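Residue-level listing of the chains:
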Amino acid sequence: MTDQTYDYDVLVIGAGPGGYVAAIRAAQLGLRVACADSRETLGGTCLNVGCIPSKALLHASEYFDAAANGAMAKMGIKVTPELDLDTMHGQRRDAVKQLTGGIEFLFKKNKVTWLKGKAAFVDAHNVDVGGQKVSAKDVVIATGSIVTPLPGVTVDQKVVVDSTGALELAQVPRHMVVIGGGVIGLELGSVWRRLGAKVTCVEFLDQILPGFDGDIRKESNRIFKKQGIEFRLGTKVTGVTVSGDTATLTLEPANGGEATTIEADCVLVSIGRRPNTDGLGLEAIGLTPNKRGQIETDHDFRTDVDGVWAIGDVIPGPMLAHKAEDEGIAVAENIAGQHGIVNHAIIPSVVYTWPEIAGVGLTEEAAKEAGEVKVGKFPMAGNSRAKTNHEPDGFVKIIADAKTDRVLGVWAIASVAGTMIAQAAQAMEFGATSEDIAYTCHAHPTHSEAIKEAAMAVRGKAIHV
Ligand code: FAD
Ligand code: NAD
């Protein structure tokens, strides 16, 4: 039942994958919906400056690399690639244009009103959107995240760039220093390494990819090193000065010791992202973010303020587009009086490098803290499809409860690990044991057979090793 006392039943603030999905779902459920965003185009960080443009460059640079590094020659295709960076950027912009336009089409189709402008709360049911007063019975905060700044370092988007600047470089840097060996550093560092830059990655921790399984972190590091990325692990960047087109970075061992310097013509600051509540006027509704700047919600995505809900990067949990999307569907269903839920224990993570790196559920380290486990591992070198395709690197690892055999975590490094991990997530949603996966028929020859073999290895029964 819609409420005519308000302009809208639901106002969603932010049109990223959390917000636009919430808006469409709420409209599908018969509610009158508006979605406000301060950008010129819909789709938020993900479509405009995140997932999509980075994948466009990763995909194109992967082809360039395959031609340049001899991978194509190995299959009898002799080519000498020539980089046309303008065209590569053009196809990236085109992908973004098509997909952001696609959301505009979906808004029209579902009768979601798009309000262009910065939104700020007046009270819990009234919001100022770029000077226009809008009232709604329920308001969903889906304002996403922004780049975490490195104290004392100015991002000029010329020599010192963040992820948005790193997508737009007009020429290939001679030497790119990536600060932070997380997902953004490795994906965008890979793009520019493939296109000819020397890349050095400086990581504060003693290993890259925090949050990933220990074996996966170690093996990924080995593969990236083999590809030519240099790593300075256990090292923090304490300062960057720029003179002309050269940056000088000061590096210090994370556990103390003498500082050294390193020079670069491009520095990518990728040390994380933080929740975005800037200018949202949360004080007007008495809502205070937690110490990490996140808006806390209950399991249904309700905040402490009646009628105000929050989803996506702005609330606790992994900052991932698919997590935001699922929360968008759930919050809309909850507002409509249904029972929307998200299982936060089963959210896959994928790094879209070559090979891809993916995981879902617990790491071996976390699973062992909770109890006794059995682990099955299968190398991609033993998988017929990967071997035929000249993709020997990587493995699949399955962690199962030692007593119940229930699968607790699945991790993979493989060319198509991002696609493979979906079956693991689905199996885990259904409460699968490793035996369930081992006795599921997998098509041959596919990379996914490595998941079956890893499941067989949990009981020491893999065939092809
Ligand atoms: P966002 O997408 O950040 O959208 C929030 C929107 O709200 C923005 O458009 C913002 O302008 C708007 N907004 C904020 N405040 C206001 C206001 N007061 N008024 C009006 N509008 C406002 N995730 C993946 O899962 N896979 C990937 O491959 C991946 N790649 C990434 C690559 C890069 C380079 C980056 C930076 C991120 C990547 N991410 C990826 C993360 C992903 O982009 C985010 O997790 C996702 O966009 C979060 O969605 P959201 O809806 O919560 O917020
Ligand atoms: P991140 O948290 O993944 O990695 C940041 C890294 O920087 C950490 O390893 C940290 O130890 C290191 N670091 C922090 N301060 C440092 C310093 N002073 N010197 C050296 N190292 C330092 O952050 P990110 O890579 O910026 O990505 C941000 C978010 O975007 C992530 O939450 C990620 O989920 C999301 N994202 C996802 C994808 C994907 O799903 N494929 C791609 C890109 C971004």
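That block above? That's the structure.
Just so it is clear, the structure is predicted and the values come from calculations on it, not from any experiment.

K.L.:
Help me get a handle on helix α11 (residues 417-429), residues and values and all.
P.N.:
With 13 residues, α11 should reach 18 Å at 1.5 Å per residue; the first-to-last C-alpha distance of 18 Å fits that figure. Of the residues making up α11, those classed as buried are Ala 417, Met 420, Ile 421, Ala 424, Ala 425, Ala 427 and Met 428. Angularly, the buried residues of α11 cover 160° about the axis, an arc narrow enough to put them on a single face. Packing partners of the buried residues in α11 comprise β18 (349-351), β19 (356-361), β21 (395-401), β22 (407-414), α12 (434-438) and α13 (449-458). Just downstream of α11 lies Gly 431, where phi reads positive at about 70°.

K.L.:
With reference to specific residues and values, describe the site of ligand 1.
P.N.:
Neighbouring ligand 1 are 39 residues; Asp 37, Thr 45, Lys 55, Ala 119 and Ala 321 lie closest to it. Between ligand 1 and the protein, one listed contact pairs an oxygen atom with a backbone N or O atom of Cys 46 at 3.4 Å. Interatomic distance of 2.6 Å between a side-chain N/O atom of Lys 55 and an oxygen atom of ligand 1. Protein coverage of the free-state accessible area of ligand 1, which is 990 Å², stands at 94%. Put simply, the parts of the chain that give the shell around ligand 1 at least two residues each are α1 (17-28), β2 (33-37), α2 (44-49), α3 (51-68) and α8 (321-335). Considered class by class, the residues forming the shell around ligand 1 number 16 nonpolar, 17 polar and 6 charged.

K.L.:
So what about the side chain of Ser 135? Which residues, and what values?
P.N.:
For Ser 135, the location among the structural elements is in strand β6 (residues 132-141). Given a relative accessible area of 11%, Ser 135 falls into the buried group. Polar contacts involving the side chain of Ser 135 include one to the main-chain amide nitrogen of Asp 7, which spans 2.9 Å. Sequence-distant contacts of Ser 135, that is, excluding residues within four places in its chain, are made with Tyr 6, Asp 7, Tyr 8, His 125 and Asn 126.

K.L.:
Give me the site of ligand 2: which residues, what numbers.
P.N.:
Around ligand 2, the surrounding shell holds 24 residues, and the nearest of these are Ile 184, Glu 187, Glu 203, Gly 272 and Val 350. One nitrogen or oxygen atom from the main chain of Ile 184 is found 2.9 Å from an oxygen atom belonging to ligand 2. Expressed as a share of its isolated accessible area of 850 Å², the protein-covered part of ligand 2 is 79%. Listing elements by their share of the shell around ligand 2, those giving two or more residues are α6 (183-194) and β12 (235-243). Of the residues belonging to the shell around ligand 2, the class tally is 14 nonpolar, 5 polar and 5 charged. Both domain 1 (3-146 + 274-335) and domain 2 (160-271) contribute no fewer than three residues apiece to the shell around ligand 2.

Cut-offs and rules
Residues numbered from 1 in each chain as written. Chains lettered and ligands numbered in written order. Predicted model: local features only at pLDDT ≥ 70, side-chain atom pairs only at ≥ 80, totals over all residues. Heavy atoms only, no water. Helix = DSSP H or I, 4+ residues; strand = E, 2+ residues; numbered from the N terminus. Expected span 1.5 Å × (residues − 1). Buried < 20%, exposed > 50% of the residue type's maximum accessible area, 1.4 Å probe, protein only. Arc of directions from axis to C-beta. Contact = heavy atoms within 4.5 Å. Near = heavy atom within 4 Å. Polar contact = N/O pair within 3.5 Å; in protein donor to acceptor, adjacent residues only side chain to side chain. Areas by Shrake-Rupley, 256 points an atom, 1.4 Å probe, with all protein chains shown as cover. Nonpolar A, V, L, I, M, F, W, Y, C, P; charged D, E, K, R; others polar. Domains from an automatic or database assignment.

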